[in-house]
Amino acid sequence: MADPLHMTLVEAAAAVRARQVSSVELTQAAIDRAQALQPKVNAFVRIKADEAMAAARACDADLARGVVRGPLHGVPMAHKDMFYRAGEVSTCGSKIRADWKAPETAAVLERLDAAGAVQIGNLNMTEFAYGPTGQNAFLGDARNPWNTDHITGGSSSGSAVSVASRTVFAALGSDTAGSVRMPAALCGVTGMKTTFGRVSRAGCMPLSQSLDTVGPLTRTVADNALMLSVLAGRDARDASTLDVPVPDYVSAAGSADVRGLRLGVPRGFFDLQVDPEVAKLLAAAAAAFRGLGAEVVEVAMPDLDAINATGFLLTWGDVVGVHGAWMRERAGDYTAQTRGRIEVTLAAGGADYVDAQRSRARLLREFVAAVYSKCDALIAPILAFPVPRLSDVDVSGGPNMMRILDEITRLMRPINVLGLPALALPCGFTPGNLPCGMQLIGRPFAEADLYRMGAAYQGATDWHTRVPPV
Amino acid sequence: MRADWEVVIGLETHAQLATKSKIFSGSSTRFGALPNVQASAIDLALPGVLPVLNAGAVECAIKFGLAVGAKVAERSIFARKNYFYPDLPKGYQISQYEIPVVQGGSVTIHVDGVDKTVQLTRAHLEEDAGKSLHEDYHGMSGIDLNRAGTPLLEIVTEPDMRSSAEAVAYAKALHSLVVWLGICDGNMQEGSFRCDANVSVRPKGRKEFGTRCEIKNLNSFRFLEQAIEHEITRQIDLIEDGGRVVQETRLYDPDRNETRSMRSKEDAMDYRYFPDPDLLPLEITADAVARVRAGMPELPQAMRARFEAQYGLPAYDAATLTASRGLAGYFEAAVAAFGGDAKLVSNWVMGDLLGRLHEADLGADAAPVTPAMLGGLLKRIADGTISGKIAKEVFATLWVEGGSADTVIEAKGLRQISDSGAIEKIVDEVLAANPKSVEEFRAGKDKAFNALVGQAMKASRGKANPTQVNEILKRKLAG
Amino acid sequence: MALTLDDVTRIAHLARIEISAAEAAGTLAQLNDIFGMIERLSRVDTSGIEPMSHPLGGTQRLREDRVTETDMREPNMRNAPEKQDGLFLVPRVIE
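Here is what the cut-offs are and how they apply
Residues numbered from 1 in each chain as written. Chains lettered and ligands numbered in written order. Predicted model: local features only at pLDDT ≥ 70, side-chain atom pairs only at ≥ 80, totals over all residues. Heavy atoms only, no water. Helix = DSSP H or I, 4+ residues; strand = E, 2+ residues; numbered from the N terminus. Rg over C-alpha atoms; globule rule 2.2 N^0.38 Å. Buried < 20%, exposed > 50% of the residue type's maximum accessible area, 1.4 Å probe, protein only. Contact = heavy atoms within 4.5 Å. Lys, Arg positive; Asp, Glu negative; His and termini not counted. Charge placed at Lys NZ, Arg CZ, Asp CG, Glu CD. Axes fitted to C-alpha atoms, helices over the stretch in contact; angles between N-to-C directions. Parallel < 35°, antiparallel > 145°, perpendicular 65-115°, else oblique. Left-handed = near helix turned anticlockwise from the far one by under 90°. Pairing = 2+ DSSP bridges. Core = buried A, V, L, I, M, F, W, Y, C linked by side-chain atoms within 4.5 Å. pLDDT = per-residue confidence, 0-100. Buried area = accessible area lost by both parts, 1.4 Å probe. Polar contact = N/O pair within 3.5 Å; in protein donor to acceptor, adjacent residues only side chain to side chain. Nonpolar A, V, L, I, M, F, W, Y, C, P; charged D, E, K, R; others polar.

Visitor: Give me the lowdown on the overall build of chain A, citing residues and values where you can.
Guide: Regarding its fold elements, chain A presents 15 helices and 11 strands. The C-alpha atoms of chain A give 20 Å as radius of gyration, which agrees with the globular expectation for 470 residues (23 Å, within 12%). Referenced to the eigenvectors of the C-alpha coordinate spread, the extents of chain A come out at roughly 60 × 60 × 45 Å. Within the span of chain A, comprising 470 residues, buried residues form 67% of the whole. Partitioning the intrachain contacts of chain A with sequence separation of at least 6 by distance along the chain shows that 79% fall at a separation of at least 24. In chain A, the 45 positive side-chain charges and the 47 negative ones have mean positions that sit 2 Å from each other.

Written as structure tokens, this is what we have:
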């Protein structure tokens, strides 16, 4: 067998079940690679070699007895270091949580455990998930495996890096204003920003409870669908999870048929100030969909700046609630960037926050009426320009920090305010061999449609199969 | 109070709900545990550990809403009240703000024989804060978060009360109602029921309200009354001296009987409310309300009316007996055990029973003389075995020693003497021994007759049937 | 609406958060950058709309009234800066 780590998640899970490869072999390979790449890309906060190997041996032993724990039996993964495991440290990327042990295990980790997955470690992230570049002055910056002089995107930096670098088959991330999609796009992997209320957030460090979503990063759409089929559904511990049936995502990805679906090309907002190289790749992707039989239509965008503003106010109110106590007691333990951003949140009064909560319902209604009457999904860029260098984004708290960060998240945040699902897919490379991503934005709870489209696209293109040089 | 001033009072009462677990977590609400052993990650609001609302607390709120004739909101919203205080380390309290679960309603009070209705603005669910212990810990305060997250129902009135007496009457009526409903244990020493009073004064006849002050955390009816009285005097003095009342929160100091300013105005303004992002709107369906309604106890007002109609009791008796569910239940059980005149039961319950319960600081449920025992005793009065007076002696013995009326009567030989031969003998002896009284009676002094009856009863050690004593004495004196 | 340095320090004071003058100036620049965008919100007519923490609606699910938590004092207090006799210690507040 060639390098087993180059299989997809779907292939790896099947290979373990068919006993073509053992969980111990896969897990050992993943740990070896994680350790080998760590000095170059700094993807991990902690590699849990002993625990992971013990888990892998247990998986193999089960399999030997004919017991298959679930669809992810024996497959090694790693997750952003903000998903709690009872009794273990979860740094959330911050000195403040450097020694803090979690009181409970995240609902999503419990689901992955039950499905048989093995966790080999905890991944780098932006401090408290508050930042889109993936930099972290406390843990050290994660590096882009396509070119380590460039940012990874964040905040789920380690998740994208470890999946892109063929270290693990899947990783969990969280997306409050692009934190799954941004690093997925910048590292060339597939990531799902799930519908708000689709996946439990119990036992996950919040950034903004009004906007936070949990979703998987994988190498392919089919892998992603398999992950979400395990993660999705109502959870008694998280009141925000809705009682909406979970469709068969794996079949949706398998059908990969977009004939009859209408894909909307946004006019307004998403096409403003977009770098020509990025615009070119997006146009090519739209053309590919047309070639696959989808109807491609132009759709005028409602006022997304107002939606973005709503998102800022919601985030600010939530952030004060989460961080107020630490800001009073341990402000000096934050990195400069995070501290600066949290200070900004103080400006939001309760009235502003309530206004934002009110506008939100109305904005969602208007958006759905204006957009989804004309198409089934939108196709839009993720970052309007090519992947910046680390040195391009000096955002360590200087006066321009807010403007730069705002520009990076501009095309992301509205989707979180609206609570819609969005699938990030690699759609080519800009000069310098840096990945470029796009997002397919669907109706609420229409992840299955997005998987169908994404799988069709990946059936017709090979961007997602390219392996970074690191 | 000075005659040219009118007082305006509104109360905000925090009733701790009698649930087993906290409002948003599975921590115990038991009182008196070691510090911080009942504070879970949710009560401490560790980020990422999410609150989930307790169905028991919601049921309590619905019960209260139904009992006061309020609207139980189909949808209500949980909000964060952001403020900073050491016993609230997370920096916000989860409460309800714009849309509370109970809206409107009223409570009827009786003051100086007059019924008055106090309108409620609202009642909302919220969590309690922790407790600061101000003993000296190297100049610091100790924080116990066991109470953090304990469910409270905050019940807010309109500014409808016009005297401290009305405020106390309202607080007492509310207290008995929440205890009656079983939604609050009513223990004021432990802080299960505490009031904040909003007090203002205005010259009589003026329409606009004066500036009000809020006096916090009054945990006894006496403090409530004293604090309001003091605050009224303070405000009137202030205005009459040319000063102005400043809107503020004040604290009552029972040791010095005064109120003093508690938080600066700026801080009071700094509450920020917004809907809690961790909690979705609370939806209460008509079905849920109907289910609670079906399980509701009969309410005091209805029970009062029924006692008057069903048992033929005077209004005063009906009101007294329905002061608590325990007492009312006691009364009805005793009536059933007795099977005779309910008014006799009422007299005994309001008299001997209540007196001894007060003395022993017990609830009717804990009375050593059970309804069955009292019923057995009253039967013996009704059938003439003992007199009412002897019955009091039997009751006293039952209270201390237990047993039944019959065994006590037998053991102590208290059976009434109804044998007319025996009574005649006693009467003859009494007449012989009291010639002066006999003379006075014959001279027209009716009082002398009573003295002779008393002597006869005394001679029988209270056991002679008083009716028979009367008859025989009359006959002999006439003869 | 433009914020002044006084506004920023006042807000920080209300939240009991200390920020230095230099930080406040930086914060101010960032804030005024973004306030233009926030003003767009006022164009959205929200009269009669309930504030929502969930964009897709949904209602609260309830938990049965049962004690499920055990004593977590030890782990909860592990990171407390000051503690004694099972209490968290905090600077004294005079009232």
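Visitor: Any details on the packing of helix 8 (residues 325-338) of chain B against helix 10 (residues 371-382) of chain B? Residues and values, ideally.
Guide: Residue and element names in this part refer to chain B. Look at helix 8 against helix 10: their axes get within 8 Å of each other, and the N-to-C directions meet at 45°. What the angle tells us is that helix 8 and helix 10 run oblique. Crossing hand, helix 8 versus helix 10: right-handed. Within the contact between the two elements, helix 8 uses Tyr-330, Ala-333, Ala-334, Ala-337 and Phe-338 and helix 10 uses Pro-371, Ala-372, Leu-374, Gly-375, Leu-378, Lys-379 and Ala-382.

Visitor: Before we move on, can you summarise the sheet that holds strand 6 (residues 92-96) of chain B with the specific residues and values?
Guide: Residues and elements named next belong to chain B. If you walk across this open sheet you meet the three strands as 6-5-17, and the pairing is antiparallel. Of all strands in the sheet, those with a lone pairing partner are strand 6 and strand 17 (272-275), marking the two edges. Looking at each pair of strands side by side, their axes are set apart by 30° on average, direction ignored. Where strand 5 (residues 78-82) meets strand 17, four bridges bridge the pair, whose relative direction is antiparallel. The partner of Asn-82 across the bridge, within strand 17, is Arg-272.

Visitor: Can you break down the nonpolar core residue by residue, with the values?
Guide: By size, the foremost hydrophobic cluster in this structure holds 245 residues, and its most contacted members are A:Leu72, A:Phe367, B:Phe64, B:Leu125, B:Ile155 and B:Tyr170. In terms of residues, this core owes the most to one element, helix 10 (residues 304-330) of chain A, which gives 11 residues. Once you skip the residues sitting within four places of it in the chain, B:Ile155 turns out to touch B:Leu11, B:Glu12, B:Thr13, B:Ala15, B:Phe64, B:Leu120, B:Arg122, B:Ala123, B:Tyr170, B:Leu174 and B:Val178. Core analysis: the second largest hydrophobic core is formed by 41 residues, B:Leu354, B:Ile386, B:Ile390 and B:Ala405 among them.

Visitor: Go over the confidence of the model for chain C, please, and point to the residues and values.
Guide: Close inspection of predicted coordinates is inappropriate for parts of the model with low pLDDT. All names here are of chain C. For chain C, per-residue confidence averages 74 on the pLDDT scale, and residues scoring 70 or more make up 58% of the total. Considering each helix and strand of chain C separately, the mean pLDDT is smallest for helix 2 (residues 21-39), with a value of 64, and largest for strand 1 (residues 62-63), with 92. Across the predicted assembly, pTM comes out at 0.87 and ipTM at 0.88.

Visitor: Give me the interface of chain C and chain B: which residues, what numbers.
Guide: At the junction of the two partners, chain C supplies 39 residues and chain B supplies 59 residues. Across the chain C/chain B interface, buried area totals approximately 4,200 Å², and carbon plus sulfur atoms make up 56% of it. At the surface where chain C touches chain B, the tally comes to 19 residue pairs in polar contact (both at pLDDT 80 or more). Take the side of chain C that touches chain B: its biggest share by element is five residues, from strand 3 (residues 87-91) of chain C. Of the residues contributing to the side of chain C that touches chain B, the split by class is 13 nonpolar, 12 polar and 14 charged. Two strands pair when backbone bridges link them, and strand 11 (residues 140-144) of chain B and strand 3 of chain C are joined in this way by four bridges, in the antiparallel orientation. From the neighbouring strand, B:Met140 faces strand 3 of chain C, where its bridge partner is C:Pro91.

Visitor: An account of the packing of helix 10 of chain B against helix 11 (residues 388-401) of chain B is needed here, citing residue identities and associated values.
Guide: Between two packed helices, what matters for the description is the angle formed by their axes and the separation of those axes. Residue and element names in this part refer to chain B. The interhelical angle for the contact between helix 10 and helix 11, taken along N-to-C directions, is 160°, at an axis separation of 10 Å. With respect to each other, helix 10 and helix 11 are oriented roughly antiparallel. Like other packed secondary-structure pairs, helix 10 and helix 11 cross with a definite hand, here right-handed. Listed contacts from helix 11 to Met-373, Leu-374, Leu-377 and Ile-381 of helix 10 are Gly-388, Ala-391, Val-394, Phe-395 and Leu-398. Residue composition of the contact of helix 10 with helix 11, by class: eight nonpolar, one polar and no charged.

Visitor: How would you summarise unusual backbone geometry if you had to cite specific residues and measurements?
Guide: A cis amide bond links A:Gly154 to the next residue, A:Ser155, at an omega of 10°. Relative to the helices and strands, A:Ser155 resides in the loop between strand 3 (118-123) and helix 5 (157-164). If you check the backbone angles, A:Asn42 has positive phi at about 55° while not being a glycine. Within the secondary structure layout, A:Asn42 lies in the loop between helix 2 (23-41) and strand 1 (44-47). Residue A:Asn42 is classed as buried on the basis of its relative accessible area, which comes to 16%. Positive phi, normally seen in glycine, also occurs at B:Asp361, with a value near 55°. If you trace the backbone, B:Asp361 turns up in the loop between helix 9 (342-360) and helix 10.

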